[in-house]
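# Structural overview
For reference, the chains in residue letters:
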Amino acid sequence: MLAIRWLCAAALIAALCAALRRFAHGSGRTSRARVVLARYASHPSAVIALVALIVLYVVSAFSPWLATHDPIEILAQALANHPPSRELLFGTDFAGRDVFSRVLYGTRISLSVALLATSISVVLGTAYGATAGFIGGTLDTVMMRLVDAFLSIPRIVLLIAIGTLWAPLSITSLILILGLTAWFGTSRLVRAEVLSLKEREMVAAARALGARDLAIVRRHLLPNVLSPVIVAATLGVAGVIVNEAALSFLGIGIPDPTPSLGNIIHDGTPYLATAWWVALFPGIVLVITALACNLAGDGLRDAMDPRQVDR
Amino acid sequence: MTPRPLLSVEELRTYFRTSAGVARAVDGVSFSIAANESVGVVGESGCGKSVTSLSLLRLIQRPGTIEPGSKIELEGTDLLSLDDESMRRIRGNRIAMIFQEPMTALNPVFTIGAQLAEVPRVHEHITRRDAWARAVEMLGTVGIPDPAERAHSYPHQLSGGMRQRVMIGMALMLSPALLIADEPTTALDVTIQAQILELLAELRARTAMSVLLITHDLGVVAESTSRVIVMYAGEIVEQAGVRELFAQPHHPYTEGLMAAMPRAGTKRERLTVIPGAVPSPYEWPSGCRFHERCPYAWERCEREHPPLYEIGVGHVSRCHLAVEPERRATPHLPLAARAGAGA
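These lines cover the structure that appears in this document, whether it is placed above or below. (Residues numbered from 1 in each chain as written. Chains lettered and ligands numbered in written order. Predicted model: local features only at pLDDT ≥ 70, side-chain atom pairs only at ≥ 80, totals over all residues.)

## What to know about the overall build of chain B
Of the regular secondary structure elements, chain B holds 13 helices and 13 strands. The C-alpha atoms of chain B give a radius of gyration of 21 Å, which matches the 20 Å a tight globule of 343 residues would have. Taken along its principal axes, the extent of the C-alpha atoms in chain B is 65 × 50 × 45 Å. For chain B, the residues scored as buried account for 46% of the 343 residues in total. The long-range fraction of contacts in chain B, counting pairs at least 24 apart against all pairs at least 6 apart in sequence, stands at 65%. (Helix = DSSP H or I, 4+ residues; strand = E, 2+ residues; numbered from the N terminus. Rg over C-alpha atoms; globule rule 2.2 N^0.38 Å. Buried ≥ 20, exposed ≤ 12 C-beta atoms within 10 Å, placed from the backbone. Contact = placed C-beta atoms within 7 Å.)

The structure is reproduced here in structure tokens:
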């Protein structure tokens, strides 16, 4: 039964990869997306990272289907800290819960939290940075000094402070807090891009043809900051995953018994000497996820480099 | 009676008030353009020609302002009294502008068809499909081969000349009455330059459009305009029909510009240059603004700012030589050259 599920998942991934490849090398007009994709495909590490991310995402999306046990159910007190076996792939934790299933569900929650939090931070950071950069003047100065002030506080300290103040956090508020503390860098990046873009002749040309300010932002500025924003977002996901894990590890993130990569590691830490599997497997997944995000981000940055516009 | 001109500019003053002082970039410029006429504006960098053209569209950015007392009238409408929304509707519709650098003037993330199709959509209610059809038609008009297919190209897939054609097409989408071309050929190869100028002339002949061609290249002006305005230090220093100007340049600055033009077939060791540089707009020289660089300058030029003297039919020159022509016989080393030699 389990084998069939895995096979289906594998088939899905294979189909996705094939579609991607066909799109990149397809005949007909060369679009920018295609150029970027073809250039991305020439980075082996980035391709591996992308495949790893897709696998992680698909696997976690299908976790109710792929899990061998209920992630919250205590199998049996006697089965606590049971080492990995054929039946219990990653063993069990101190409470006798199946670590494999918990890691699957935990990955899903960690990824969802990271994606949603990053979306919030990207939208907020882009809007904030574009406003400051486009309007400029005193408003820009005030807005950016505010960002400088926030950036001067180490993020994890800020998160711990907020987390302990409003503990226990629901998943929604955790997403909000992670998102609302992650946009400062993006806003700076977008502002800098907008400042240089708005001096380009295309903006003057658009104005000379009667374009409104909003149309200039929408047609000329935002599409052109998209590449660096996507790169920043990819790298941002890695940061948010690690931060969420850190908060959960410290016991102020996602509350027990809901699994997240961070709190599974937290549960396993006291038993590291005797039941190493509890912390090790989610740890590996965490490292792979963060690494894959970073590598994919690096690959995207190279692929989208505007200085390499020609094929 | 002469018909009312399409555009008339009177006493245009565009100043930039900065912490370093007031830069009087355009300082009292008056001229007019008739319907379907092609007028050239020449001068060195920094003489105010680009600021003049941007002023016509009211696209001067802070800290620049068009000073009160200036007047710009297009088809009988006083542009300087229009509210921002009405002015926005003039841009593209009645006056359009093309720029020097066709690479940075196009948006790299959209196809050229999409960029052309966007222009009418800014001003009119028109379906996407109709706008696209007009974009393709316009690409054909400006000489892009296979326009239906080419409309799907991105700017980076086109050559410089093609991109400039696209820019011209974009500017002409709404059939403006006046096209301002700010150094349209400066960034292009010489052979492509000729093609672009030819295209502009052809489009002007086919429509009722007027062209204001801004350039530092007298050769470009000679080929494609009927009347020339020479600008120096924020002012018009000479204005004449193109033949008259080339046959009998009056202002020593115009003379200098012509002498500095490289000519094929003539043997010269070095190109002639006008000594010195355009003075700073923060502090124009007293008297005639050109006197430090002028080989004929005398005391009067240091003291007295010359008016635009009428020296022929439709020919004006801002030079005291108009009243003391005998001074032309005795050129000397200009002040700027002497200072340079002494340093």
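## A short note on the interface of chain B and chain A
Listed as interface residues are 26 residues of chain B and, on the opposing side, 20 residues of chain A. For the side of chain B that touches chain A, the secondary structure elements donating two or more residues are helix H2 (84-90), strand S7 (95-98), helix H3 (102-105), helix H4 (112-123) and helix H7 (160-172) of chain B. Among the elements that take part in the side of chain B that touches chain A, H4 of chain B stands out by supplying four residues, more than any other. Tallied by class, the residues present in the side of chain B that touches chain A amount to 14 nonpolar, seven polar and five charged. (Nonpolar A, V, L, I, M, F, W, Y, C, P; charged D, E, K, R; others polar.)

## Observations regarding the packing of helix H5 (residues 99-135) of chain A against helix H9 (residues 184-197) of chain A
All names here are of chain A. In the contact formed by H5 and H9, the axes pass within 7 Å of each other and the chain directions differ by 40°. Crossing geometry of H5 relative to H9 is assigned as right-handed. Two secondary-structure elements touch here, H5 through Ser121, Val122, Gly125, Thr126, Tyr128, Gly129, Ala130, Ala132, Gly133 and Phe134 and H9 through Thr186, Ser187, Arg188, Leu189, Val190, Arg191, Val194 and Leu195. Among the residues forming the contact of H5 with H9, the class breakdown is nine nonpolar, seven polar and two charged. (Axes fitted to C-alpha atoms, helices over the stretch in contact; angles between N-to-C directions. Left-handed = near helix turned anticlockwise from the far one by under 90°.)

## Observations regarding the sheet that holds strand S9 (residues 210-215) of chain B
All names here are of chain B. Reading across the sheet, the eight strands line up as S7-S8-S9-S3-S10-S11-S13-S12 and stay open at both edges, with mixed pairing between neighbours. Two strands lie at the open edges of the sheet, namely S7 and strand S12 (309-312), each paired on one side alone. Sheet twist, expressed as the mean angle between neighbouring strand axes with direction ignored, is 20°. Bridge count for strand S3 (residues 38-42) against strand S10 (residues 227-232) is four bridges, and the pairing is parallel. Pairing of Val42 across the sheet is with Val230, part of S10. (Pairing = 2+ DSSP bridges.)

## Comments concerning the packing of helix H11 (residues 213-249) of chain A against helix H13 (residues 277-303) of chain A
All names here are of chain A. As a packed pair, H11 and H13 sit with axes 8 Å apart at the nearest point and diverge in direction by 165°. When the axes of H11 and H13 are compared, the pair comes out roughly antiparallel. Considering how the two elements wind past one another, H11 and H13 form a crossing that is left-handed. Within the contact between the two elements, H11 uses Ile230, Val231, Thr234, Leu235, Val237, Ala238, Ile241, Val242 and Ala245 and H13 uses Leu286, Thr289, Ala290, Cys293, Asn294, Ala296, Gly297, Leu300 and Arg301. Taken together, the residues of the contact of H11 with H13 break down into 13 nonpolar, four polar and one charged. (Parallel < 35°, antiparallel > 145°, perpendicular 65-115°, else oblique.)

## Topic: the pairing of S12 of chain B
All names here are of chain B. Across three bridges, S12 lies against strand S13 (residues 315-317) in antiparallel orientation. Bridging from a neighbouring strand, Tyr309 pairs with Ser317 of S13. Taking the residues between adjacent antiparallel strands as the criterion, S12 and S13 are bridged by two residues, where Gly314 takes a positive phi near 65°.

## Here we look at helix H7 (residues 155-165) of chain A
All names here are of chain A. Taken residue by residue, H7 has Leu159, Ile162 and Gly163 as its buried positions. When H7 is viewed along its axis, its buried side chains cluster within an angular range of 100° and face the same direction. Exposed residues lying more than 90 degrees from the buried face of H7 are Val157, Ala161, Thr164 and Leu165. Against the buried residues of H7 lie helix H8 (171-180) and H11. (Arc of directions from axis to C-beta.)

## Some remarks on the environment of Ser38 of chain B
Residue and element names in this part refer to chain B. Within the secondary structure, Ser38 is located in strand S3. On the basis of neighbour count, Ser38 is assigned to the buried category, with 23 C-beta atoms found within 10 Å. Through-space distance from the C-alpha of Ser38 to that of Ser317 is 20 Å; in sequence the pair is 279 residues apart. Not counting the four nearest positions on each side in its chain, Ser38 is found in contact with Arg204, Ser210, Val211, Leu213, Ser224, Thr225 and Ser226.

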